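Structural overview for review
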Amino acid sequence: MLSYFKLLVPFCIFFCCTSCKSQAILSDKLELNSSATNDTTFVNLKEYTSDFVYDMKYATEDNFLKTKVYDCAECFLRLKTVKALIEANKKFIEKGYKIKIFDCYRPLDIQKKMWTIVSNPKYVANPAKGSIHNRGGAVDITLVDSSGTELDMGTTFDFFGIEASHNYPKVSEVVKQNRILLKTLMTNSGFNSFDSEWWHYNLKSGLNDKVSNAKWDCK
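The structure displayed is predicted, hence computed values, not measured ones.

Here's the deal with unusual backbone geometry
- Residues other than glycine seldom take positive phi values, yet lysine 66 does so here, at roughly 65°.
- Structurally, lysine 66 is set in the loop between β2 (53–54) and β3 (76–78).
- Judged by its relative accessible area of 63%, lysine 66 is exposed.
- The phi angle at aspartate 158 is positive, at roughly 60°, despite the residue not being glycine.
- With respect to the secondary-structure elements, aspartate 158 resides in the loop between β5 (138–144) and α4 (173–187).

Re the sheet that holds strand β4 (residues 98–103)
- Here five strands make up an open sheet; going across it, the order is β2-β4-β5-β7-β6 and the pairing mixed. At either margin of the open sheet sits one strand with a lone partner, and together these are β2 and β6 (191–194).
- As defined by bridge partners, β2 adjoins β4 across two bridges and the pair is classed as parallel. By the bridge assignment for β4, tyrosine 54 is matched with isoleucine 101.

Structural notes on the environment of lysine 90
- Positionally, lysine 90 belongs in helix α2 (residues 79–94).
- By relative accessible area, which is 43% here, lysine 90 ends up partly exposed.
- Between the C-alpha atom of lysine 90 and that of aspartate 51, which follows or precedes it by 39 residues, the distance is 8.6 Å.

Overview of the UniProt feature "site: Transition state stabilizer" (unreviewed entry) in the protein chain
- UniProt records the feature "site: Transition state stabilizer" (unreviewed entry) at Arg106, using the numbering of this structure.
- Of note, arginine 106 is situated in the loop between β4 and α3 (108–117).
- The exposure class of arginine 106 is buried, given its relative accessible area of 6%.
- Non-local contacts of arginine 106, meaning those with residues more than four positions away in its chain, are made with Tyr58, Tyr70, Gln111, Met114, Ser131, His133, Asn134, Asp140 and Ser212.
- Within polar-contact distance, the side chain of arginine 106 engages the side chain of aspartate 103 at 2.7 Å.

Some words on the state of the cysteines
- Under the defined criterion, the tally for this structure stands at two disulfides.
- The disulfide partner of cysteine 72 is cysteine 218, and the S-S distance across this bridge is 2.1 Å. For the disulfide bridge between cysteine 72 and cysteine 218, the dihedral angle about the S-S bond is near -85°, and by the sign convention the bridge is left-handed. Highlighted residues: cysteine 72 in the loop between β2 and β3 and cysteine 218 in the segment after β7 (197–203), separated in sequence by 146 residues.
- Overall, cysteine 218 belongs to the partly exposed group, its relative accessible area being 41%.
- Cysteine 75 shares a disulfide with cysteine 104; S-S distance 2.0 Å. As the torsion about the S-S bond is roughly -90°, the cysteine 75-cysteine 104 disulfide counts as left-handed. Separated by 29 residues along the polypeptide, cysteine 75 in the loop between β2 and β3 and cysteine 104 in the loop between β4 and α3 bring together distant segments of the chain. The same class applies to cysteine 75 as to cysteine 104, namely buried.

Scoring rules and cut-offs
- Residues numbered from 1 in each chain as written.
- Predicted model: local features only at pLDDT ≥ 70, side-chain atom pairs only at ≥ 80, totals over all residues.
- Heavy atoms only, no water.
- Helix = DSSP H or I, 4+ residues; strand = E, 2+ residues; numbered from the N terminus.
- Buried < 20%, exposed > 50% of the residue type's maximum accessible area, 1.4 Å probe, protein only.
- Pairing = 2+ DSSP bridges.
- UniProt positions renumbered as here; feature names shortened; annotations may be inferred.
- Contact = heavy atoms within 4.5 Å.
- Polar contact = N/O pair within 3.5 Å; in protein donor to acceptor, adjacent residues only side chain to side chain.
- Disulfide = S-S within 2.5 Å.

Written as structure tokens, this is what we have:
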């Protein structure tokens, strides 16, 4: 019995370490419709398609925080969010545009870091409650044309003023139409818009997912 126990201990240690490690590292899955991958699994969007443009603002100092909070620029999301986003992007591509991504899933530790820098719920969601970004169901986006030029949306990304609201009337007709185009195709693809931020979209089916602190490896 003692010898059996000695053999069992290393196995248990290995299993526990492997299990803990798997909670900290997100998955790269290449099969979009693979039955082996749960819809709520975190995956890297870049592993599924090359049809998006990226400008991951929080992996740079070019953001309202004026500091880099991500170690590297990656776009991880729940698999179901990736599926819906790819379908939305196909619709934009048919019209001559592509989605440009500013932010995706945000680990809770990053939310806490942002809250420490700017402790104002007007700008940063309180990590005590968490945000849809922490659930892997939110994206911050805009559109670019065939030359890669961003469409005029009236304000820059993360402009926290009334001018960034979908309902703000004092913008040009071009801006209105650009915002309508973005909102219409995104809401038709399973996302909700966020009234005060033209760039922010939540996957409707992801609102009740758990807040996560899973992290990815920087390669």
